[in-house]
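# Summary of structural features
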Amino acid sequence: MPLLFIFIIVPLAELAVLIKVGSYIGILWTFALILLTATIGVSILRVQGLSTLMRASQKLQDGGLPAKELAEGFLLALAGALLLTPGLITDACGFMLLVPTLRGRLAGSVLKRFKPTMAMGSMNGGSPFERPINPADPRVHRDQGGHDIIDGEYRRED
């Protein structure tokens, strides 16, 4: 169903809007409007993309994970694709993604949606990638600091 929406319904809606707008302001002004929105959108996108990249770089240098910045970067890439697609509906959606507060909220909701899978082990204060440890397992014991140690075997295969 999403592919039907993307490849059939959106182009038909764009075509209907372009015909309606073209009948009011003329075909040349409609083309000029499409080129103008694409040009303005790409210039705004460039500035905001660099800003997001700098924030992500700063967060990495501070030792943090730039999860929100990566989500915003993905949304900015989507905004760029929408702005470069000819049409007024896609331009409006692309411009909406260029609004920093809206994009930040969307990125936050995307991160919140995927957070339970990413933070599986962090409820115990551990790494988000660790699995719960079964203390009854004979391979598990604690060191003097109270940390779990799991005995195992390692074999390198080339």
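Here the structure is a predicted model, which means the values were calculated and not measured.

## A look at the nonpolar core
Core analysis: the largest hydrophobic core is formed by 10 residues, namely Leu45, Ala71, Leu75, Leu76, Ala79, Leu82, Leu83, Leu97, Leu98 and Ala107. Here this core takes six residues from helix α3 (residues 67-84), the largest share from any one element. For Ala71, the residues in contact, after removing those within four places along its chain, are Ala107 and Leu111.

## Remarks on helix α2 (residues 27-61)
Compared with the 51 Å implied by 1.5 Å per residue over 35 residues, the 51 Å span of α2 between its first and last C-alpha is a close match. Listing the buried residues of α2 in full gives Thr30, Ile34, Thr37, Ala38, Gly41, Leu45, Gln48, Thr52 and Ala56. Following α2 by one or two positions, Gly63 has its phi on the positive side, about 90 degrees.

## Some thoughts on a nonpolar patch on the surface
On the surface, a nonpolar cluster with roughly 970 Å² of combined accessible area is contributed by Met1, Leu3, Leu4, Phe5, Ile6, Phe7, Ile8, Ile9 and Leu12. The residue Leu12 is located in helix α1 (residues 2-25) in this model. Accessibility expressed as a relative area gives 53% for Leu12, which makes it exposed.

## Topic: α1
With 24 residues, α1 should reach 34 Å at 1.5 Å per residue; the first-to-last C-alpha distance of 33 Å fits that figure. Maximal helix bending in α1 amounts to about 30 degrees, located at Ile9; proline Pro11 follows within four positions. Phi turns positive, to about 100 degrees, at Gly26, one or two residues after α1.

## Focus: the packing of α1 against α2
For the pair α1 and α2, interaxial distance at closest approach is 7 Å and the crossing angle is 120 degrees. Viewed along their axes, α1 and α2 adopt a mutual orientation that is oblique. Taken as a pair, α1 and α2 cross one another with a handedness that is right-handed. On α2, the residues that touch Leu18, Val21, Gly22 and Ile25 of α1 are Ile27, Trp29, Thr30 and Ile34. Split by residue class, the contact of α1 with α2 holds six nonpolar, two polar and no charged.

## Things to note about the pattern of salt bridges
Going through the model one piece at a time under the given rule, you end up with three salt bridges. For Lys59, the salt bridge goes to Glu69, with nearest N and O atoms at 3.9 Å. With a gap of 10 residues between them, Lys59 in helix α2 and Glu69 in helix α3 connect regions that are remote in the sequence. Overall, Glu69 belongs to the buried group, its relative accessible area being 11%. In this structure, Glu72 and Arg103 form a salt bridge, with 3.5 Å as the shortest nitrogen-oxygen distance. In this pair, Glu72 is assigned in helix α3 and Arg103 in helix α5 (residues 100-118), connecting sequence segments 31 residues apart. Taking relative accessible area as the criterion, Glu72 reaches 5% and is therefore assigned buried. Through salt bridges with shared partners, a single network forms among Arg55, Glu72 and Arg103.

How each quantity is defined
Every residue gets a number counted from 1 within its own chain, in the order that chain's sequence is written. Predicted model: local features are reported for residues with pLDDT of at least 70 only, side-chain atom pairs are reported and counted for 80 or more only, and whole-chain, interface and lining totals are derived from all residues. To get the side-chain values, take all heavy atoms of the structure and skip hydrogens and water. Side-chain atoms within 4.5 Å link the members of a nonpolar core, which is a set of buried Ala, Val, Leu, Ile, Met, Phe, Trp, Tyr and Cys residues. Remark: exposure states derive from per-residue accessible area (1.4 Å probe, protein chains only) relative to the maximum for the residue type, with buried under 20%, exposed over 50%, and partly exposed in between. A run of H or I in DSSP counts as a helix once it spans at least four residues, and a run of E counts as a strand once it spans at least two, with each numbered from the N terminus. Any two residues having at least one pair of non-hydrogen atoms within 4.5 Å are treated as being in contact. For a helix, the expected span equals 1.5 Å multiplied by the number of residues minus one. Exposure above 30% relative accessible area and the absence of a salt bridge qualify a residue for a patch, where like charges join within 9 Å and nonpolar side chains (Val, Leu, Ile, Met, Phe, Trp, Tyr) within 5 Å. Only the protein chains shown count as covering a residue, and every accessible area follows the Shrake-Rupley method with a 1.4 Å probe. Here, a salt bridge means any side-chain nitrogen of Lys or Arg that lies within 4 Å of a carboxyl oxygen of Asp or Glu. Note that bend, as reported per residue, equals the angle between axes fitted to the 7 residues terminating at that residue and the 7 residues originating from it. Note on geometry: axes are lines fitted to C-alpha atoms, helical ones only across the stretch in contact, with angles between N-to-C directions running from 0 to 180 degrees. Each angle receives one of four descriptions, namely roughly parallel if under 35 degrees, roughly antiparallel if over 145, roughly perpendicular if within 65 to 115, and oblique otherwise. Note on convention: the crossing is left-handed when the near helix lies turned anticlockwise from the far helix by less than a right angle, right-handed when the turn is clockwise. We call Asp, Glu, Lys and Arg charged. Ala, Val, Leu, Ile, Met, Phe, Trp, Tyr, Cys and Pro are nonpolar, and the rest, Gly among them, are polar.

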